[in-house]
Amino acid sequence: MTAPSTFGLSSEARNLHWLLTNLVEEVPGILSVAVVSSDGLLLLSSDPGRIEAARQSSDDRPTGPRGSSADLATIVSGIGSLTVGAAKLLQFGNVKHSMVAMEEGSLFVMSISDGSLLGVHGSADCDMSVVAYHMALFVGRAGHVLTPELRSELRKSLESAESTGSGR
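Residues numbered from 1 in each chain as written. Predicted model: local features only at pLDDT ≥ 70, side-chain atom pairs only at ≥ 80, totals over all residues. Heavy atoms only, no water.

**Q** Sorry, what's going on with the sheet that holds strand E3 (residues 97-102) here?
**A** Sheet strands pair by backbone hydrogen bonding; their relative direction is either parallel or antiparallel. Taken in spatial order, the 5 strands line up as E2-E1-E5-E4-E3 in an open sheet, and their pairing is antiparallel. At either margin of the open sheet sits one strand with a lone partner, and together these are strand E2 (42-45) and E3. For this sheet, the mean angle separating the axes of adjacent strands, direction not counted, is 15°. Judged from the 3 bridges that link them, strand E1 (residues 30-36) and E2 form a sheet pairing that is antiparallel. Along E2, the bridge assignment pairs valine 35 with leucine 44. Sheet strands in contact with helix H4 (residues 69-90) are E1, E2, E3, strand E4 (105-111) and strand E5 (117-123), and its direction is about 65° off that of E1. (Pairing = 2+ DSSP bridges. Helix = DSSP H or I, 4+ residues; strand = E, 2+ residues; numbered from the N terminus. Axes fitted to C-alpha atoms, helices over the stretch in contact; angles between N-to-C directions. Contact = heavy atoms within 4.5 Å.)

**Q** Help me understand unusual backbone geometry in this model?
**A** In terms of backbone geometry, most residues other than glycine have negative phi values and most peptide bonds are trans. Its identity is not glycine, yet glutamine 91 carries a phi of approximately 55°, on the positive side. Considering the arrangement of structural elements, one finds glutamine 91 in the loop between H4 and E3. Taking the relative accessible area as the measure of exposure, glutamine 91 reaches 69% and is therefore exposed. (Buried < 20%, exposed > 50% of the residue type's maximum accessible area, 1.4 Å probe, protein only.)

**Q** Would you explain the nonpolar core in this entry?
**A** Among soluble globular proteins, nonpolar side chains are generally buried collectively. Among the nonpolar cores identified, the biggest contains 28 residues, and Leu16, Val35, Leu118, Val120 and Phe138 are the most heavily contacted of them. Those elements that provide at least two residues to this core are helix H1 (11-26), E1, E2, E4, E5, helix H5 (128-142) and helix H6 (148-164). Of all the elements, H1 adds the most residues to this core, at 6 residues. With near-sequence residues (within four places) excluded, phenylalanine 138 lies in contact with Leu16, Leu19, Leu20, Leu23, Val35, Ile112, Leu118 and Gly143. Counting 11 residues, the second-largest nonpolar core is a separate cluster that includes Val36, Ile79, Leu107 and Leu158. (Core = buried A, V, L, I, M, F, W, Y, C linked by side-chain atoms within 4.5 Å.)

Here is the structure:
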């Protein structure tokens, strides 16, 4: 994982970066992680430098979430919207988490707060219960600090990293 620069960020933002880094580095099988705002914007990523690398890739192979955190954010936002709509239609209350198991990987989406979502792209051999447990820990630690002000700070930080092409 490429560590994003946290210089100049508030202590809450640095803490969220640290929590995200820990999640990716400590849980086997996690390939990428994205924190997405309620309006679908990427706030925090396990590897924001991959966005620029995916854009510059000359390969003909699809980059997908493995190549772009923005792609993962789009998928997480879409699954979040779909499940919220289903829950409203079925009148089952708020969505807590979603899990999609595929032949060659897994996708986990968990609500954080105020509609924000945590999305994790896992390998095919990841232990889904371990990933879900650590996601719940992240949500428990991050949910109360993810204020509108912090979301704005994270978004501006990510936009700045994308525009400079650094992301590191």
